[in-house]
Amino acid sequence: MKKYHRASLLFISFMAVLIIQLKPAIVFAWGDNLGYNPETGKNGRSSYTIEEINNGAIGATPQSDGENYKNSPYYPGQIIFNTISDSTIGNEKNFVAARECTRREDGSWEGATKDTVWKGNDIEAEDGRYYIIRLFVHNNNPNGEDAIAEDTHVSFSIPNEYDRENRRIQVNGFIDSSNATPSEYWDYVNFNSDVPFHLDYIYGSALLENNGIGLGGLTLSDDIVKAASTDGVLIGYDALDGRIPGCYQYDNYVTIKVKAVFDYEYTVEQKVRLAGSDNDWEDAIKAKVGDKVEFRIEYINTGDTSQTGVAIKDILPENLRYVEGTTELKNSNHPDKATAEHDYLVTDGIRIGDYGPDANAYVYFTAEVVDDSLAAGVNTLTNWSQAGVGLKTIQDYVTVEVSKGFRFSTVSTVLLLLIVLCLIGIVILGGRMWKQKHHIRS
């Protein structure tokens, strides 16, 4: 039997790209399904130090029962997970933690290392940042392969809704084993932010690391994201069979990756009219080649927090040509409009500043209708505008209808006139033939 010693594993992560939304779980803080513990007078499992376990707290050892410890009625002892208070990760009851990670340009990840400081209870979420969430799994029984936990599953629950009252998303991790006492364990880490957000799970990022099949990292199924119909995924030491022997040499680190995406609340609306007119702003107008049309883009902060670095961009279609120097901004700082220094609106977009709750801004610009590729007949030119705050982008559009050649109404009128003339001709010709048949002279 090997005594407990302090150890740590390197964490290796890899690239994954697809994103899914996940169901919430109502679980708070650490806990288990043991119920009332008369030893502690509280609900839940006891805590032990490494020395206490080596001295036989949960199973006979040479230190507690001598050389014949395997003949003790307390051998191999209780199967129990994550009770050690002075473990390699600190207190093992705090077995779910998170830290930032970085995705490199080549698609690989800069993840956790043995020197990484994990946040075991709270971490501040930042828009667009990636995070590794770790779940530590340790069968605390000191008697190795004589004390194997069976049917060991792990899972995570990531709510898809932001907790507005507590301004957070609480991610919970779970361990289940059929022959452990207790048989179910859970812990959490809070992602906190004053701005509403959601966590996108990085598909394919679940990883198992241990000194067996997980040496160097083994990819796990995405079923690790716990839904109502699943129990998570099996892990194991020699195979993914749910079997975890006791002692540190068989401990496991399970990780997933998520991305924080802030859900800024705002609107964007675009309108159009013929330039130089006093017409009302419309969603659609008719114009002809050579006309100039004016566009208006309105942004409104509909949330309850300030929004910084608001960006506006317009995507002009073919046959609408931007008129240089016409971009203007109107807001509380520029009530009489301010002309943009550069014409970036229809290329890279422009930044229009920061806006508090209920604040708004207008961006104006002019385009000319040209014939670069107009087709014969009616052409509908769709102009898109976009507003971006953080990683979120929303858009709106208007249309400009341009006709080339005869309008449909003109063609219809000509055809109708020809039909009427044909009918008149038929009537006249028919009348003459009738007269000739009956020998009637005019």
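Rules and cut-offs
- Sequence order sets the numbering: in each chain, residues are counted from 1 along the sequence as written.
- Reporting of local features is limited, given that this is a predicted model, to residues whose pLDDT is at least 70; pairs of side-chain atoms are given and counted only at 80 or more, and all residues count toward the totals for whole chains, interfaces and linings.
- With hydrogens and water stripped out, all remaining heavy atoms of the structure feed into the side-chain values.
- Whether a residue is buried, partly exposed or exposed follows from its accessible area with a 1.4 Å probe, protein chains only, as a fraction of its type maximum: under 20%, in between, or over 50%, in that order.
- Only DSSP runs of H or I covering at least 4 residues are called helices, and only runs of E covering at least 2 are called strands; the numbering of each starts at the N terminus.
- One requirement defines pairing of two strands: DSSP has to find at least two bridges between them.
- Here, a salt bridge means any Lys or Arg side-chain nitrogen found within 4 Å of an Asp or Glu carboxyl oxygen.
- For every residue, the pLDDT score states the predictor's confidence, bounded by 0 at the bottom and 100 at the top.
- In what follows, a contact means two residues having at least one pair of non-hydrogen atoms within 4.5 Å.

Trainee: What am I meant to see in the pairing of strand E18 (residues 284-287) here?
Mentor: Remark: a regular strand shows side chains that alternate across the two faces of the sheet. Residues Ile285 and Ala287 point to one face of E18 and are all buried, whereas Ala284 and Lys286, pointing to the other face, are not buried. Strand direction decides the pairing type here: E18 and strand E27 (residues 392-404), joined by four bridges, are parallel. Following the sheet pairing, Ala287 is matched in E27 by Val402.

Trainee: Help me understand the pairing of strand E19 (residues 292-301), please; the structure alone is not making it clear to me.
Mentor: Most of E19 is tucked away: eight of the ten residues are buried. Where strand E17 (residues 266-274) meets E19, nine bridges bridge the pair, whose relative direction is antiparallel. Within E19, the residue paired with Arg273 across the bridge is Glu294. Relative to strand E25 (residues 360-369), E19 runs antiparallel, the two being bridged by nine bridges. Bridge pairing links Glu294 to Thr366 in E25.

Trainee: What should I look at first to understand unusual backbone geometry in this one?
Mentor: For residues other than glycine, phi is negative in most cases, and the peptide bonds are mostly trans. Tyr75 connects to Pro76 through a cis peptide bond whose omega is 0°. Looking at the secondary structure, you find Pro76 in the loop between helix H2 (62-65) and strand E5 (96-103). Positive phi is not limited to glycine here, since Asp151 has a value of about 55°. Examined against the element boundaries, Asp151 turns out to sit in the loop between strand E8 (130-137) and strand E9 (153-157).

Trainee: How should the pattern of salt bridges be read in this particular structure?
Mentor: Where charged atoms from two side chains of opposite charge come close, those side chains can pair. Summed over the entire model, instances satisfying the criterion amount to twelve salt bridges. The partner of Glu150 in a salt bridge is Arg243, with the nearest N and O atoms 2.7 Å apart. With a gap of 93 residues between them, Glu150 in the loop between E8 and E9 and Arg243 in the loop between strand E15 (233-234) and strand E16 (252-262) connect regions that are remote in the sequence. For Arg243, a relative accessible area of 33% puts it in the partly exposed group. For Glu265, the salt bridge identified is with Arg164, shortest N-O distance 2.7 Å.

Trainee: Help me understand the confidence of the model for the protein, please; the structure alone is not making it clear to me.
Mentor: Note: predicted coordinates in regions of low pLDDT should not be interpreted at a detailed level. Per-residue pLDDT for the protein has a mean of 88; in total, 86% of the residues score no lower than 70. With pLDDT under 50 throughout, residues 1-28 is counted as low confidence; its partners more than four residues away or in other chains account for 109 contacts.

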